[in-house]
Amino acid sequence: MTAVAPGVRAHTLDIAAVLKESALAALVALLLAFPLVGLRTVDVLSRLTIEPHFAEVAVAVVLVFLGRLGMALTREGRPLPVLVASLVVAASAWFLPLPTMPLKLIAVAGGAIIALRAALALRSHHSTLSLAERERRMDRVGARFQDASRLIGPIAVIFAVALPFLPFADRAVVDIGILLLTYIMLGWGLNIVVGLAGLLDLGYVAFYAVGAYSYALLAQYFGFSFWLCLPLAGLLASLSGLLLGFPVLRLRGDYFAIVTLGFGEMIRIILINWYDFTGGPNGISGIPRPSFFGIADFVRNPEPGVLSFHELFGVEYSSIQRIIFLYYLILVLALFVNFFTLRIRKLPIGRAWEALREDDVACTALGINRTNIKLAAFSIAAMFGGFAGSFFATRQGFISPESFSFIESAIILAIVVLGGMGSQAGVVVATLLVIGLPEMFRELSQYRMLAFGIGMVLIMLWRPRGLLAHRDPTILLHKRKSAMQQQQESEDRA
Amino acid sequence: MEYFLQQLINGLTLGAIYGLIAIGYTMVYGIIGMINFAHGEIYMIGAFIAVITFVILGMFGITWVPIAVLIVLAMSMIFTSAYGWAIERIAYRPLRHSPRLAPLISAIGMSIFLQNYVQLLQGARNRPIPPVIQGGFSVMERADGFNVSLSYLQIIIMVLTVVLMFGFTRLINHTELGRAQRACEQDKTMAGLLGVDVDRTISLTFVVGAALAGVAGVMVTMYYGVIDFYIGFLAGIKAFTAAVLGGIGSLPGAMMGGILIGLIESFWSAYFTIEYKDVATFSILVLVLIFRPSGLLGRPEIEKV
């Protein structure tokens, strides 16, 4: 083999073993793809028939074989031919008429990734970073981010405040801003339970639903205004958190997770089936929009005796005024949650949460009442979920049980965990990734959830502790150093 | 009385299906301590493969029931095994020594992926097949004509479950794989030191669990005659509930939990409200966890600092 790059270990290549490994991967790919990709069930004249797609299966199997071969050869110290071959494959896949779009995408992206790995191997003599090495690098990024967040945080807030008045901000941008902020708020709320108290809550959407339905129902039956309902919704959600939390918080770990999941589903089933009260699957429509703090309404022609926003401020009426008001409303709510979390971490109860997360048996031994402390975290997070829910109801003007399915809980949890548990900045970054990115590719909407699922798996494989996980101790015995310095020191020691 | 008997039969059939899925959960939890959230989707894939195979067999004119059912079972088990193996290899094995939440998130991601993958490829509408096995016994008849029937299909489902359970128990108790599995369940490091291939054992655990879920998928396809890409989620949660109810990590417990969940669901639908049958299941789960957290047959967990 003359193509061995200088410096790469040139041990003898066991071509048979490499081929066997690749063939095995291809066989598994064949088994996976053959029934579901190759044999599609279609309705023809209301009878089910099979439509064969064997070309797609064949292409997929060949791609898996080549991919595995490329990876194995790179690992065995033959990166240069792999680099060339993978670039050729990626380029030819771009031009060749492959049967479907996703296959093309897989071929191009897969070729590019393998080329990248081979290039990396040429430079650093090993094709992948070990997990420990990756963790160390990402920890450094996390620490640097933490240091920078003192600067980035205020800048981000200023940007968020200025956003509606920036030149490119049309209605669509502000709408996406509202959506992102809603998820950021939910993420920050759930972060109290998952990140600080270390309880895995798979049913957070239940409290979101309680908040949304409390506002919608109170407005529908009693005509309460949004400003009265916002605290009420928080209170009701918090109460439901207490009710659920009281019996189940004694449970540990995964049991707790599955019970919260069950609770989330129960709320949804009740909302669907209690037809007379909640409107069942049809939901509730015509939920009143919020007024300007009860002073003025956002309408062009207000009813007599009611002020309208544009009259109050003497500006031209525009429908975007209400959208911008909603944007600031959710911004303030979200920042409030963030501020609350940052402050409470420094109070005894916040410290107790983090201590419980680390070791709850030791905490009990020190006289901390485990159930009460966890219950506090649970109901506070539920309250924030309730706030976000009533905001959601007033923004949409329409809610139905569809909006509160398990997938929402999974998305919020994914935001918290991907961002790095307990990291406030991580939640923002993860929301931009999880919600913002798919928003940009709206036209590919049918592949959205598919990509979302793969993305969750890949990020976990790449960085199991979350993107910006960096545990900064909230209390230090010696003088405070910057997170960066600490990182440096711990590396020096290692 | 007659009505009760009929619900008992229906409940046992349903419970057999849940029990088969629950075994996959309980085995995986026992051996690596994680909730394999994508297990429900394996069951769904098993059901889809059953539909596909039935349609193909129909096209080739193979309609003699025993042969058709056997082929469908074999196909479903083979392909779901491949899925079980691949899921473990791709999404769980690299995360074996990670924080506890990481594999769970990865599993949720896998579950979302598989649901949408099947939806994109096989369509979002539900997939009906004509009834495969018809007819049955009339066990008892009431004076007003209410007929307690035990269909052949229900008999097949129950018998097949019993056979599988018997074979499976033999597998765990009397084979090398079973021994390796029990060893890994107790102490993976030690088992590895004593020459057990831990990775291979865990992979095979997933394969076996997936094959059983595939059988459950075939059964549900034949029993209800219609499936869609979303059936895995709820069935998965219920089967997990069954595993917890029976005591997670315990195989007879999983089967028993499955049957109990099936009975509760069937009786609740019959005597109370069908809409709230899932609420009843989850309430049972909460009650069990509060009053007997280790399940009916599980060993109490010892807290270690």
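Residues numbered from 1 in each chain as written. Chains lettered and ligands numbered in written order. Predicted model: local features only at pLDDT ≥ 70, side-chain atom pairs only at ≥ 80, totals over all residues.

Student: Residue-level account of the overall build of chain A, with values.
Tutor: Counting secondary structure elements, chain A contains 19 helices and 6 strands. When burial is assessed residue by residue, chain A has 43% of its 494 residues classed as buried. Looking at chain A alone, contacts between residues at least 24 apart form 76% of all its contacts between residues at least 6 apart. (Helix = DSSP H or I, 4+ residues; strand = E, 2+ residues; numbered from the N terminus. Buried ≥ 20, exposed ≤ 12 C-beta atoms within 10 Å, placed from the backbone. Contact = placed C-beta atoms within 7 Å.)

Student: How would you sum up the overall build of chain B? Please name residues and give values.
Tutor: When helices and strands are tallied, chain B shows 11 helices and 4 strands. C-alpha atoms of chain B, sized along the principal axes, occupy 65 × 50 × 35 Å. The buried share among the 305 residues of chain B stands at 50%. Of the contacts formed within chain B by residues at least 6 apart in sequence, a portion of 75% connects residues at least 24 apart.

Student: Quick one: what's the story with the interface of chain A and chain B, residue by residue and with numbers?
Tutor: Of the residues lining the interface, 46 residues belong to chain A; the matching set on chain B comes to 53 residues. Breaking the side of chain A that touches chain B down by element, the ones donating at least two residues are helix 1 (15-38), strand 1 (39-44), strand 2 (47-52), helix 8 (226-248), helix 9 (253-273), helix 14 (360-365), helix 16 (406-419) and helix 18 (448-462) of chain A. The class makeup of the residues in the side of chain A that touches chain B is 35 nonpolar, 6 polar and 5 charged. (Nonpolar A, V, L, I, M, F, W, Y, C, P; charged D, E, K, R; others polar.)

Student: Describe the environment of Trp94(A), and please don't skip the residues or the numbers.
Tutor: Residue and element names in this part refer to chain A. With respect to the helices and strands, Trp94 occurs in helix 3 (residues 79-95). For Trp94, a count of 12 C-beta atoms within 10 Å puts it in the exposed group. Measuring from C-alpha to C-alpha, the distance between Trp94 and Ala216 comes to 51 Å, with 122 residues separating the pair along the chain.

Student: Can you lay out the environment of Thr371(A) for me, pointing to particular residues and giving the numbers?
Tutor: Residues and elements named next belong to chain A. With respect to the helices, strands and loops of the structure, Thr371 is situated in helix 15 (residues 370-396). A sequence separation of 356 residues divides Thr371 from Ile15, and the C-alpha atoms of the two residues are 60 Å apart. Residues contacting Thr371, with those up to four places away along its chain left out, are Leu249 and Arg250.

Student: Lay out the nonpolar core in plain terms, naming residues and giving numbers.
Tutor: If you look at the biggest cluster of nonpolar residues, it comprises 229 residues, and the most contacted ones within it are Met185(A) and Ala377(A). Setting aside its immediate chain neighbours within four residues, Ala377(A) contacts Ile192(A), Val193(A), Leu196(A), Ala197(A) and Trp353(A). (Core = buried A, V, L, I, M, F, W, Y, C linked by C-beta atoms within 7 Å.)

Student: Mind laying out the environment of Gly187(A), listing which residues take part and the relevant values?
Tutor: All names here are of chain A. Take Gly187: it is sitting in helix 6 (residues 171-196). For Gly187, a count of 32 C-beta atoms within 10 Å translates into the label buried. Sequence separation of Gly187 and Phe159 is 28 residues, and the distance between their C-alpha atoms is 20 Å. Residues in contact with Gly187, not counting those within four places in the same chain, are Ile412, Ile415, Val416, Val427 and Thr431.

Student: So what about the packing of helix 1 (residues 2-32) of chain B against helix 10 (residues 251-271) of chain B? Which residues, and what values?
Tutor: All names here are of chain B. Closest axis-to-axis distance for the helix 1/helix 10 pair is 6 Å, and the angle between their directions is 140°. With respect to each other, helix 1 and helix 10 are oriented oblique. Once helix 1 is placed against helix 10, the crossing between them reads as right-handed. Taken together, the residues of the contact of helix 1 with helix 10 sort by class into 15 nonpolar, 11 polar and 1 charged. (Axes fitted to C-alpha atoms, helices over the stretch in contact; angles between N-to-C directions. Parallel < 35°, antiparallel > 145°, perpendicular 65-115°, else oblique. Left-handed = near helix turned anticlockwise from the far one by under 90°.)

Student: Please provide a residue-by-residue account of helix 17 (residues 424-440) of chain A, values included.
Tutor: All names here are of chain A. Taking 1.5 Å of rise per residue, the 17 residues of helix 17 would be expected to cover 24 Å, and the 24 Å separating its terminal C-alpha atoms lies within 8% of that figure. The largest bend in helix 17 amounts to roughly 25° and is located at Leu433. Listed in full, the buried residues belonging to helix 17 are Gln424, Ala425, Gly426, Val427, Val428, Ala430, Thr431 and Val434. (Expected span 1.5 Å × (residues − 1). Bend = angle between axes of the 7 residues up to and from the residue.)

Student: I'd like a rundown of the confidence of the model for chain B, residues and numbers included.
Tutor: With 97% of its residues at a pLDDT of 70 or more, chain B has an overall mean of 85. Reported for the predicted complex are a pTM of 0.85 and an ipTM of 0.86. (pLDDT = per-residue confidence, 0-100.)

Student: Any details on the domain arrangement of chain A? Residues and values, ideally.
Tutor: According to the domain assignment, chain A contains domain 1 (15-124) and domain 2 (143-484). With centres defined by C-alpha atoms, the gap from domain 1 of chain A to domain 2 of chain A works out at 40 Å. (Domains from an automatic or database assignment.)

Student: For the packing of helix 5 (residues 152-174) of chain B against helix 6 (residues 176-186) of chain B, give the residues involved together with the corresponding values.
Tutor: Residue and element names in this part refer to chain B. It is at 5 Å that the axes of helix 5 and helix 6 come closest, and there the two elements cross at 70°. Judged by the inter-axis angle, helix 5 sits roughly perpendicular to helix 6. On the side of helix 5, the interface is formed by Leu171, Ile172, Asn173 and His174, while helix 6 contributes Leu177, Gly178, Gln181 and Arg182. Classifying every residue of the contact of helix 5 with helix 6 gives 3 nonpolar, 4 polar and 1 charged.

Student: Which residues make up the confidence of the model for chain A, and what values do they have?
Tutor: Residue and element names in this part refer to chain A. Averaged over every residue, the pLDDT of chain A is 80; the share at 70 or more is 87%. At the level of individual helices and strands, chain A shows its lowest average pLDDT in helix 19 (residues 483-493), which scores 57, and its highest in helix 15, which scores 90. Within the model, the stretch residues 1-9 combines pLDDT values under 50 with 16 contacts to residues more than four positions away or in other chains.

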